[in-house]
Amino acid sequence: MGGERMALSRHGSSWDEVKSKMSALAENDFDWRSGRLAVYVFDAGEDVRTVARDAYAMFIAENGLGPAAFPSLRRMEEDVVGFGLSLLGAPEGACGNMTSGGTESILLAVKTCRDWWRAQGESARTEIVAPYSAHPAFNKAAEYLDVSVKRVPVSDDFTADVEAMATAVDNNTMMVVGSAPCFPFGVIDGIEALSELALERGVWLHVDACVGGYFAPFVRMNGVNLPPFDFALPGVRSMSADLHKYGYAAKGASTVFYRSEALREYQLFKFGDWPTGEMATPTIAGTRPGGAIAAAWAVMHYLGQDGYRAKAQIVTETRAKYERGLKSIGGFRFWGDHQLGLLAFGSDEFDMFAVAEGMRDRGWMSAGLKEPKGMHLMLSPGHAEVADEYLGDMADTVAEVRSGDRVAVAGGGSRYS
Ligand SMILES: Cc1ncc(COP(=O)(O)O)c(C=O)c1O
């Protein structure tokens, strides 16, 4: 953030002026509407965006901090949580909250687990055992909450190595983590085996379904044989699932779920020793944007199961098309067996950093992988229209790299953030 410091101008400007300044500022932003961006944005089409935008605007001033003042938001949050729980096989009595994003959902699950252990009366446990592929949000949570994370290398198929994780679990382990799917490789960990491990060793299993929570259930409804990954497995105590990813909601919306109210109790914060008396908040935020809650509720009602299934079908067909195209270009290796909307691949034959840079120069942007070296695509329905163009550019880029006309300059591939 090295720009010159601006002072607030004395006089305001007209909205037209402000708008045109904002459009000028956005000129160098990536044009995600073109379908050339395969990270950060989940594009389900103009109609879905309009629903999210209008719903957000309707509740832009309302505050989720005040459910007594805004019973509408309370009702919408309850509905959204209910939709999520029913999609994720949750038993009677399961519960949850809307949060601002995957990171907050994970942070809350870790805090809840830590405090649940503290309440067990034995010396509190403080370690999370997670696969190498788990999202950095677990480390962020650990730093904030003064617990630690032991990361365990993944198996040859890029899913969690459950045996190695079992070896890593000890008397200080409070939580084991599995992803459905993990971000880097896009594959679903063996949650069934992790559930057994959690039950056998009496530890908390959190399933991070930030990417898959509002996608995998519809892929399964479409007939794909996905492994079990949710509350249907008895060892799963909490889950995170992002609405602002494949739920196609406006940004600032995720859900965190618990198997029972007795667990969620440790998430809640109450404080009364100040002039206003007791204040109780379920999540990290105080003020909570009514717009984000309303937009999620509206998009879920707008799409319904059929709408989500149709979007999921487009995404999985598009992913399969990318896979076929990359196979026919040749020289690529896929990092895992992909069943959802993420695709991760590398190569034993050519330098993937050079390929990533070549694609970037041709106007495509996606996340990169450093270890193992590779590229990563997070596909939305919007990518269906550009698959042929992408594969054509990829074939040209690979030819350039193979011939030695292109070598990596930046040396690190593209970055996730
Ligand atoms: C698997 C997974 N978990 C957690 C997160 C964190 O979500 P957020 O960026 O909404 O905080 C992400 C983000 O991409 C993710 O892919």
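Residues numbered from 1 in each chain as written. Predicted model: local features only at pLDDT ≥ 70, side-chain atom pairs only at ≥ 80, totals over all residues. Heavy atoms only, no water.

### Here's the deal with the sheet that holds strand β10 (residues 332-334)
Here is step 1: Pairing is antiparallel in the open sheet, where four strands are placed in the order β10-β11-β13-β12. The open sheet terminates on both sides in strands that have one partner only, identified here as β10 and β12 (367-370). Strand after strand, the sheet turns through a mean of 30 degrees between neighbouring axes, direction not considered.
Here is step 2: One ladder, built from four bridges, connects strand β11 (residues 342-347) with strand β13 (residues 373-378); its direction is antiparallel. Bridge pairing in β13 places F345 opposite M375.
Here is step 3: Of the strands in this sheet, β10, β11 and β13 touch helix α10 (residues 290-329), which is tilted by about 10 degrees from β11. (Pairing = 2+ DSSP bridges. Helix = DSSP H or I, 4+ residues; strand = E, 2+ residues; numbered from the N terminus. Axes fitted to C-alpha atoms, helices over the stretch in contact; angles between N-to-C directions. Contact = heavy atoms within 4.5 Å.)

### Comments concerning the domain arrangement of the chain
Here is step 1: When the domains of the chain are assigned, the result is domain 1 (54-300) and domain 2 (305-403).
Here is step 2: Domain 1 and domain 2 are separated by 29 Å when their C-alpha centres are compared.
Here is step 3: If you look at the interface, domain 1 gives 28 residues, while domain 2 gives 26 residues.
Here is step 4: With both sides pooled, the region where domain 1 packs onto domain 2 buries about 2,300 Å², and carbon together with sulfur makes up 69% of that total. (Domains from an automatic or database assignment. Buried area = accessible area lost by both parts, 1.4 Å probe.)

### Overview of the pattern of salt bridges
Here is step 1: Across all of its chains, the model carries 21 salt bridges by this definition.
Here is step 2: Note that D388 is salt-bridged to K321, the shortest N-O span being 3.2 Å. Note that D388 is positioned in helix α12 (residues 387-403) and K321 in helix α10, a separation of 67 residues in sequence.
Here is step 3: Judged by relative accessible area, K321 falls into the partly exposed class, the value being 28%.
Here is step 4: Taking the shortest distance from any N to any O, the salt bridge between E400 and R406 comes out at 2.8 Å.
Here is step 5: Residue R406 is classed as buried on the basis of its relative accessible area, which comes to 16%.
Here is step 6: When salt bridges with common partners are traced through the structure, they connect D43, E46, R49 and R53 into a single cluster. (Salt bridge = Lys/Arg side-chain N within 4 Å of Asp/Glu carboxyl O. Buried < 20%, exposed > 50% of the residue type's maximum accessible area, 1.4 Å probe, protein only.)

### Structural notes on the pairing of strand β3 (residues 148-152)
Here is step 1: In this sheet, β3 lies alongside strand β2 (residues 127-131) in parallel orientation, the contact comprising five bridges. Looking at the pairing, E127 lines up with S148 of β3.
Here is step 2: Each parallel crossover has a hand, and the one from β2 via helix α5 (residues 137-145) to β3 is right-handed. (Right-handed = clockwise from strand over helix to strand, strands pointing away.)

### Some points on the packing of helix α4 (residues 102-118) against α5
Here is step 1: Across the interface, α4 lies against α5 with an axial gap of 9 Å and an inter-helix angle of 50 degrees. Judged by the angle between their axes, α4 and α5 are oblique. Note that α4 runs across α5; the crossing there is right-handed. Here T103, I106, L107, V110, K111 and R114 of α4 come into contact with α5, specifically with A137, F138, K140, A141, Y144 and L145.
Here is step 2: Counted by class, the contact of α4 with α5 contains eight nonpolar, one polar and three charged residues. (Parallel < 35°, antiparallel > 145°, perpendicular 65-115°, else oblique. Left-handed = near helix turned anticlockwise from the far one by under 90°. Nonpolar A, V, L, I, M, F, W, Y, C, P; charged D, E, K, R; others polar.)

### Some points on the side chain of D230
Here is step 1: Mapped onto the elements, D230 comes out in the loop between α8 (216-221) and β6 (236-242).
Here is step 2: Separated by 2.9 Å, the side chain of D230 and the backbone nitrogen of A232 make a polar contact.
Here is step 3: Not counting chain neighbours up to four residues away, the residues in contact with D230 comprise L87, L88, G89, R220, V236 and M239. (Polar contact = N/O pair within 3.5 Å; in protein donor to acceptor, adjacent residues only side chain to side chain.)

### Brief notes about unusual backbone geometry
Here is step 1: Cis geometry marks the peptide bond from A180 to P181, where omega comes out at -5 degrees.
Here is step 2: Here the bond from E371 into P372 is cis, since omega is 0 degrees, no more than 30 degrees from zero.
Here is step 3: Examined against the element boundaries, P372 turns out to sit in the loop between β12 and β13.
Here is step 4: Phi at D146 is positive, roughly 60 degrees, even though this residue is not glycine.
Here is step 5: Note on placement: D146 falls in the loop between α5 and β3.
Here is step 6: For Y248, which is not glycine, the phi torsion reads 60 degrees and is therefore positive.
Here is step 7: With respect to the helices and strands, the residue Y248 is situated in the loop between β6 and β7 (254-258).
Here is step 8: What makes Y248 buried here is its relative accessible area of 5%.

### Quick word on the packing of aromatic side chains
Here is step 1: As enumerated under the stated definition, the model contains 15 aromatic pairs in all.
Here is step 2: Measuring from ring centre to ring centre gives 5.3 Å for F158 and W335, while their planes differ by 45 degrees; the resulting arrangement is tilted. Pair noted here: F158 is in the loop between β3 and α6 (162-168) and W335 is in the loop between β10 and β11, with a separation of 177 residues, a long-range link. Per residue, the accessibility class of F158 equals that of W335, and both read buried. (Phe/Tyr/Trp six-rings, centres within 6.5 Å; stacked < 30°, edge-to-face > 60°.)

### Concerning the sheet that holds strand β5 (residues 204-208)
Here is step 1: Here we have seven strands laid out as an open sheet, ordered β1-β7-β6-β5-β4-β2-β3, and mixed in their pairing. In this open sheet, the two strands that pair with only one neighbour each are β1 (95-99) and β3. Averaged over all pairs of adjacent strands, the angle between strand axes in this sheet comes to 20 degrees, irrespective of strand direction.
Here is step 2: Looking at chain direction, β1 and β7 are connected through five bridges and run antiparallel.

### A closer look at the nonpolar core
Most often, soluble globular proteins keep nonpolar side chains buried together rather than apart.
Here is step 1: Of all hydrophobic cores here, the largest spans 97 residues; its most connected members are Y248, F345, Y390 and M394.
Here is step 2: A per-element tally of this core places α10 first, with 13 residues.
Here is step 3: Looking at which domains feed residues into this core, each of domain 1 (54-300) and domain 2 (305-403) gives three or more.
Here is step 4: Residues within four places of F345 in sequence aside, it is in contact with L326, F332, R333, F334, W335, M352, K373, G374, M375, L377, Y390 and M394. (Core = buried A, V, L, I, M, F, W, Y, C linked by side-chain atoms within 4.5 Å.)

### A word on the state of the cysteines
Here is step 1: Per the counting criterion, the structure on display carries zero disulfides.
Here is step 2: C95 provides the cysteine sulfur closest to C113, a residue in no disulfide bond, and the two sulfurs are 15 Å apart.
Here is step 3: What makes C113 buried here is its relative accessible area of 0%.
Here is step 4: Note on C182: no disulfide assigned, nearest cysteine sulfur contributed by C210 at a separation of 12 Å. (Disulfide = S-S within 2.5 Å.)

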